[in-house]
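Inside the fold
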2 protein chains.
Amino acid sequence: MTTTSATPQMSRSEALALRYGDGPVPLAGPWNDQIAALLSHRSVRGYRPDPLPDGTLETLVAAAQSAATSSNLQVWSVIAVTDADARRELAEIAGGQQHIVQCPLYLVWLADLARNSRLGQSAGVEMQAIPYLETFMLAVIDAALAAQNAVVAAESLGLSTVYIGAMRNDPLRVARLLGLPAGTVGVFGLCVGYAADSEAGEVKPRLPQATVLHRERYGREDDPGLRAVYDREMNDFRLRNGLPPQTWSELVLARLGRLASMNGREVLKDVVRERGFPLR
Amino acid sequence: MTTTSATPQMSRSEALALRYGDGPVPLAGPWNDQIAALLSHRSVRGYRPDPLPDGTLETLVAAAQSAATSSNLQVWSVIAVTDADARRELAEIAGGQQHIVQCPLYLVWLADLARNSRLGQSAGVEMQAIPYLETFMLAVIDAALAAQNAVVAAESLGLSTVYIGAMRNDPLRVARLLGLPAGTVGVFGLCVGYAADSEAGEVKPRLPQATVLHRERYGREDDPGLRAVYDREMNDFRLRNGLPPQTWSELVLARLGRLASMNGREVLKDVVRERGFPLR
């Protein structure tokens, strides 16, 4: 049932072809199985109920703690939620994403300045740098680097994951539910578990590399030609995977063009402030 | 000179002992070489001038693009900087960090809402969701997840890295230098290269796992006892590695207790706004 090592023996050309679809494939150089594994990542939204081997959580968090952290400040925390009622409420906050209830391990990653604030209090030192946007960003970045290491570790064990940005739909409710102190806020969630058989999907193609990689100075390589190729690619990907047709451009316009698609996150600034980050 | 695969054959107990030092070692479960490699991460601040094999940049960016990205919006970009004058200026912005000049590959990671804004413009759609703090955060998180995948890929190739948060000391100067359009901002930099022989240092111990990992609800496991152990550990680590003594608590108080230690980042909110993110 469980595996303790992934066997992603995809060749470089195969892995790149899946990741870039019909778009131009970059002239990648050095390669190994670990890189093949990174390229084979897919977000999975359906899980078997099978429990994880003992100690999996601790392994993933050890990997997470091994990521870089700005000045070793370690301004993040993670909450492992197993309680079924809490899962249901978290799924509700996330607009009904049932994989939050299904997966055997659900993690909520926090930007956490509370720990270091308490350290300041006990030392009688005013923590002058904490109220700034910079320090909030630093905590968000710390949490993201840590979580991505946990994802890489999980996938190396044959597990699947999906990030849940929708924790930001209602961070105050997440905070009440998880007993979060001021100076902490849930940045995103992460489902971890064994992919359901129905979830054996394809790697999702990304934008051509020339669109995101610039040399020396910012270029404008996202020309309409490249985008048209990717639009077709993503539309075909959706059709192949049983989803309604939608080009990438249509997705971007739907997701960023309408305030309604923010699902409450348009008040995030006020909410983050209420969680104890002045964002000066 | 170059290697194409890491050989981190550290045992679980060895890797955990290095990562947690004298603190309590978590009861980690499943294990493999990939996880051992994640645990053996060290940030490296001195590089040999040796060039990278052809195609290394493209391999790393393919790994970066394979990380999860919220709703597949892909709101990040990366600039590869090789020009020596530009490197010197970036090092100056970062307070004189010479590894930015030394390393064969320097990457500046951007939160990039400009690309999707242009898409809106060409479609004649007002991108209502773009001006919000939420969408800026989403771009910062996307960039961090992507960069961490690049770090994992680089280390799997025997390369070393260090994140450079100090790009945020002066994002306007970074933007002028790299020709960044409105709606983009450098979130952090990343040095990639072969560690100088002098850099064969130790893995840096982290806080006890019970301090950052909470179960069901946020706990207060960062009790003074655990912190005292870690304080001693970090002080000893510094002495063993030829650095002036400093406990972790002293580091946190020095870094977050004084506005002066922000090196200009206390104005980041205004600067990010000037870069075209209203942060509504």
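Shown above is the structure to which this text applies.
What you see is a predicted model; the values in this text were computed from it and never measured. (Residues numbered from 1 in each chain as written. Chains lettered and ligands numbered in written order. Predicted model: local features only at pLDDT ≥ 70, side-chain atom pairs only at ≥ 80, totals over all residues. Heavy atoms only, no water.)

1. Quick look at the relation of the copies chain B and chain A
For these two chains of identical sequence, chain B goes onto chain A by a turn of 180° and a shift of 0.0 Å along the axis, with RMSD 0.0 Å. The superposition of one copy onto the other is thereby described by a two-fold rotation axis. (Least-squares fit on C-alpha atoms with pLDDT ≥ 70 in both.)

2. What to know about the nonpolar core
Membership of the largest hydrophobic core comes to 152 residues, with the highest contact counts inside it found for Trp 109 of chain A together with Trp 109 of chain B. If you look at the next biggest cluster of nonpolar residues, it comprises 27 residues, including Val 44, Ala 86, Leu 90 and Val 108 of chain A. (Core = buried A, V, L, I, M, F, W, Y, C linked by side-chain atoms within 4.5 Å. Buried < 20%, exposed > 50% of the residue type's maximum accessible area, 1.4 Å probe, protein only.)

3. Observations concerning the interface of chain B and chain A
Of the residues lining the interface, 128 residues belong to chain B; the matching set on chain A comes to 128 residues. Here chain B meets chain A over a buried area of about 10,800 Å², counting both sides, of which 61% is carbon and sulfur. Among the residues of chain B in contact with chain A, Glu 216, Tyr 218 and Leu 256 of chain B are the three that bury the most area, contributing 8% of the side total. At the boundary of chain B with chain A, the tally comes to six salt bridges. Linking Glu 58 of chain A and Arg 215 of chain B is a salt bridge whose minimum nitrogen-to-oxygen distance equals 2.9 Å. The tally of links from chain B across to chain A stands at 72 residue pairs in polar contact (both at pLDDT 80 or more). For the side of chain B that touches chain A, the leading source of residues is helix H7 (residues 133-156) of chain B, giving 15 residues. Residue composition of the side of chain B that touches chain A, by class: 68 nonpolar, 34 polar and 26 charged. Bridge count between strand E5 (residues 213-215) of chain A and strand E1 (residues 76-81) of chain B: three bridges; the pairing is parallel. Residue pairing for E1 of chain B: Arg 215 of chain A is matched across the bridge by Ala 80 of chain B. (Contact = heavy atoms within 4.5 Å. Buried area = accessible area lost by both parts, 1.4 Å probe. Salt bridge = Lys/Arg side-chain N within 4 Å of Asp/Glu carboxyl O. Polar contact = N/O pair within 3.5 Å; in protein donor to acceptor, adjacent residues only side chain to side chain. Helix = DSSP H or I, 4+ residues; strand = E, 2+ residues; numbered from the N terminus. Nonpolar A, V, L, I, M, F, W, Y, C, P; charged D, E, K, R; others polar. Pairing = 2+ DSSP bridges.)

4. What to know about the pattern of salt bridges
One side chain can pair with another of opposite charge once the charged atoms of both are near each other. Within this structure, the stated rule accounts for 18 salt bridges over all chains. For Arg 115 of chain A, the salt bridge identified is with Asp 112 of chain A, shortest N-O distance 3.6 Å.

5. Re the state of the cysteines
Residues and elements named next belong to chain A. In total, this model carries zero disulfides over all chains according to the counting rule given. For the unlinked cysteine Cys 191, the closest cysteine sulfur is that of Cys 103, found at 3.8 Å. Here Cys 191 falls in the buried class, since its relative accessible area comes to 0%. (Disulfide = S-S within 2.5 Å.)

6. Quick word on the sheet that holds E1 of chain B
The sheet built from five strands is open, its strands ordered E5(A)-E1(B)-E2(B)-E4(B)-E3(B) with mixed pairing. Strands with a single pairing partner mark the edges of an open sheet, and in this sheet they are E5 of chain A together with strand E3 (160-164) of chain B. Mean inter-strand twist for the sheet, computed between neighbouring axes without regard to direction, equals 25°. (Axes fitted to C-alpha atoms, helices over the stretch in contact; angles between N-to-C directions.)

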